[in-house]
Amino acid sequence: MPLSSPVCDSLVVEAKKGDAFLRQRLVTEWTSWLHKQARKCSHNGISDFDETYRLVLSAFHSAVDRYDPESGIPFEFYAAQIIRNHLTDWRRLHQTTPVENNQTQSNITLINAQTSDDPRQRLAYGDKNMQDSIIKIEYQLSLFNTSLAKLANHFPKKPDDMQKCIKLAKALGSSETLFNQSLLERKLPIQSLSEICNVPTVSIKRHRYCVLCLAILLSSNLLLIRSYVEIMERELS
Amino acid sequence: MKEQGIVLSVNDHSAVIFTKTCQLIEIVAPPNISVGQEIVYSKDNSAHFDKPRIKTPLLVATMALAALFIGIFMSQSIFNNRTYAIISVDINPSVQFLLNKDLVITEVKAMNSDAAKLISEEVYRGLTWQNGVDQWFDVLENHGYESSERILVAAVLPNDDAELKYQLAALGESGYESEAMKAQVLVVYSDDFDLPEKAANSNLSIGMQILKNSSESSGIEWDPSVLKNADSQDWLLITEALERDYNVSVNPSRSSVTSNSNATQTSPQTTAPSNSNATQTSPQATAPSNSNATQTSPQATEPSNSNATQTSPQATEPSNSNATQTSPQATEPSNSNATQTTQKEIPSNPNATKNSNGNKG
C-alpha cells in the first residue's frame, strides 16, 4: 500500500480510534519507512540507532493519535514532521546539541518567558496546536518545493517591494478561490494577482515566494503574524 | 538594535523567525524557545545566521585531522600488509607464505591441489612464520606425509634482515623431528626479489624454482619430483649447486655455508654436528665477499659432543680489506675439550628467542 495514499490515511484514522490490530498493521507496513526516518536522524546527536528508532516509533504513535485527515495534510508528511520535531525536542531536552553561540543567547529575550529552570521549557514543540499549525504551513510551502528554512533571509529588503508583497499576499489570502487554486495547481496565479493588485507580473514573479509565504502565514491561525503585517503595512503607507 | 519576532520553526541549531518588519530570518537557536513564541533579539546576531562562520574553521580543522588520521592509518596498514618476505615450504604439497615486516603471515598460497586441500583446514594468516611452518608440518604429518625425508624451505627476504636469516638458519640446523616424522630440512634463502616473479611464471613455488635453477646448473634434468625421488648422488649435486648459488642451511650432516658473493651475511653462522663421532671438517663461517660488507654478529659453533674433533672452523676474511669486521669470528678449538667460544648458540627450537642484539623473541 502506498504510504501517502488515501487508503493509508483512512487506516490511520481507524487505528487512531483504538483498533490495536490496525495500529500494529500500520507499524508493520511502515517499518521500512520508520527505519529510514531513524537512519536520517540518528547521525545527528543520537548515536544509538536503536534509541533513535524507539524515539521515532514513539513519535509515529503520537502522529497517529494526533492526525486530522481534515487538515488536508497527507499522513506521511505529517508523521515525518512530528518525528523530526520530536527528535529535536528530545535533543534539546537532553542537551545533546551544544549551544553554539552564547553571545547570541544573551541577546535574545523571551517575551513573557518564565524564569524557572524547568527542562520542559526547552521543548520547541511543546505546544501541540501550534506545532500542527506550523506543520500545515510547512506542508503548503512544500507544495511549491520550498520551506520556511529555505525562504529565510530571502524576503525583499526594500520597503517598496515589501509593500507590494504584502498587498499581493493579502489579496491572495483573502480570496479563498485564488488561494485554493494556487495550492491545487501548485503555482501562483500571477496573472490574476497582477490584475487585482495592479502590479506588473515581473514584480510578482520576482517576489513570488515571498508573496506565497506571506499569504500562507496570513491564512494560518498565527494571529500575531497578522498583527505584524498590519503594523508594517501602516508604517509603509 | 533589538527586534521582535515570532518563532516559526526550530531545529537542532537554528530557528526561523518572522520579524515585526515582515522579514523571515534564521538565527542561532537559543535553548528556551518554542514555536509560536514571541521573542526579542539583537539584530546584529540575527540578521545573518552565523553558524557557518563559527563552524567552518572547526569543520575544516576536523576534516584535515580526520584525513591525516585516515592517511596514517591507511599508510600503516598498507606498509604492514606489504609483502616483506616470502617463505615456501615444499614436500610435494607446496605452500608459500607471504610475510609482513613483523614476520607474520599475511597470505598463504597453495602451490598445488594437495596443498590447497590441506591449508583449508587451518588458519595461517596472523601466525608468525615459524608457527605457520610448524603448523604446516603438523598437518603434513597427520595426512600421510610423515615418510617424507626432505623438506625444502626457501625464502626470499631483504638482504639486511639478519634476524630472519638467523631464524631460517636455525630451522635448517634443527631440522624436523617428531615421533612419526624425521626429515631433513634444507633451508635456502635469497635476496633476489625477482625470483618470486620467475617462480610465478613457471607456476612453481620459490623453493621449487630455486631447486629447478640448481638442477639445471648442475646438469640434472629438471623433474618436479626431484625433492622426493632424487637419488643421493643427484641430491648431492643439487645441494652443492644450491650452496654455490644461494645461502643454505641444512641438517644433520651438512653445515651451513654461505656462498652467495653478493649477500651481506649479517646473521650468525651455525654449526651443529649431531653425530657424536663426526669429524667436522669444514664448518666455515664465511664472511661476505662483498667489499663493503660489515659483519656485525658473532659466529656460533656448537659442538654437540666433547669427543668431536673440530678441525677447521675457519673464519674466512672478507675478500676486501676495507671490510669492517666488528665481531669475533668463530674460534678454532684446538682440541675436543675446547672451551665453547661461540657467543651465541643456535636454539634447538627454531622458534626460540634470539638474539645477541636483543631484537626479537
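Definitions and cut-offs
Residues numbered from 1 in each chain as written. Chains lettered and ligands numbered in written order. Predicted model: local features only at pLDDT ≥ 70, side-chain atom pairs only at ≥ 80, totals over all residues. Heavy atoms only, no water. Helix = DSSP H or I, 4+ residues; strand = E, 2+ residues; numbered from the N terminus. Buried < 20%, exposed > 50% of the residue type's maximum accessible area, 1.4 Å probe, protein only. Contact = heavy atoms within 4.5 Å. Areas by Shrake-Rupley, 256 points an atom, 1.4 Å probe, with all protein chains shown as cover. pLDDT = per-residue confidence, 0-100. Core = buried A, V, L, I, M, F, W, Y, C linked by side-chain atoms within 4.5 Å. Domains from an automatic or database assignment.

**Q** How do you make sense of the overall build of chain A when you look at a structure like this?
**A** Scanning chain A from N- to C-terminus turns up 14 helices and one strand. Burial status across chain A gives 46% buried among its 237 residues. Sequence-distant contacts in chain A: of pairs separated by 6 or more residues, those separated by 24 or more amount to 64%. When the accessible surface of chain A is totalled, it reaches about 12,500 Å², and 50% of it is carbon and sulfur.

**Q** Before we go on, may I ask you to explain unusual backbone geometry in this structure?
**A** Only a minority of non-glycine residues have a phi that is not negative, and only a minority of peptide bonds are not trans. All names here are of chain A. The phi angle at asparagine 153 is positive, at roughly 70 degrees, despite the residue not being glycine. Following the sequence through the fold, asparagine 153 ends up in the loop between helix H8 (148-151) and helix H9 (159-174). Classification of asparagine 153 as partly exposed rests on a relative accessible area of 29%.

**Q** I would appreciate a short explanation of the confidence of the model for chain A in the present structure.
**A** As a note on interpretation, predicted positions should not be read in detail where pLDDT is low. Residues and elements named next belong to chain A. Residues at a pLDDT of 70 or more form 83% of chain A, whose mean pLDDT is 84. Least confident of the elements in chain A is helix H6 (residues 102-106), whose mean pLDDT is 41; most confident is helix H13 (residues 208-219), at 94. Every residue in residues 97-106 is under pLDDT 50, and counting partners more than four places away or in other chains gives 17 contacts. Note on residues 112-116: pLDDT under 50 across the span, and two contacts to partners over four residues away in sequence or across chains.

**Q** Is there a simple way to think about the nonpolar core in this case?
**A** Side chains of a nonpolar character, in soluble globular proteins, are inclined to be buried together. Among the nonpolar cores identified, the biggest contains 90 residues, and Phe60 of chain A together with Leu8 and Phe18 of chain B are the most heavily contacted of them. Here the element with the most residues in this core is H13 of chain A; it accounts for nine residues. If you count residues domain by domain, this core takes at least three from each of domain 1 (6-97) and domain 2 (150-236) of chain A. Each residue touching leucine 8 of chain B, except ones within four places of it in the same chain, is listed here: Ile134, Leu148, Leu217, Leu222 and Ile225 of chain A together with Val16, Phe18, Leu24 and Val35 of chain B.

**Q** When you look at the pairing of strand E4 (residues 38-42) of chain B in this model, what are you seeing that I'm missing?
**A** Two faces make up the sheet, and in a regular strand the side chains alternate between them. Within E4 of chain B, five of the five residues are buried, leaving the element largely enclosed by the surrounding structure. Taking every second residue as pointing to the same face, both faces of E4 of chain B are buried, with Glu38, Val40 and Ser42 of chain B on one and Ile39 and Tyr41 of chain B on the other.

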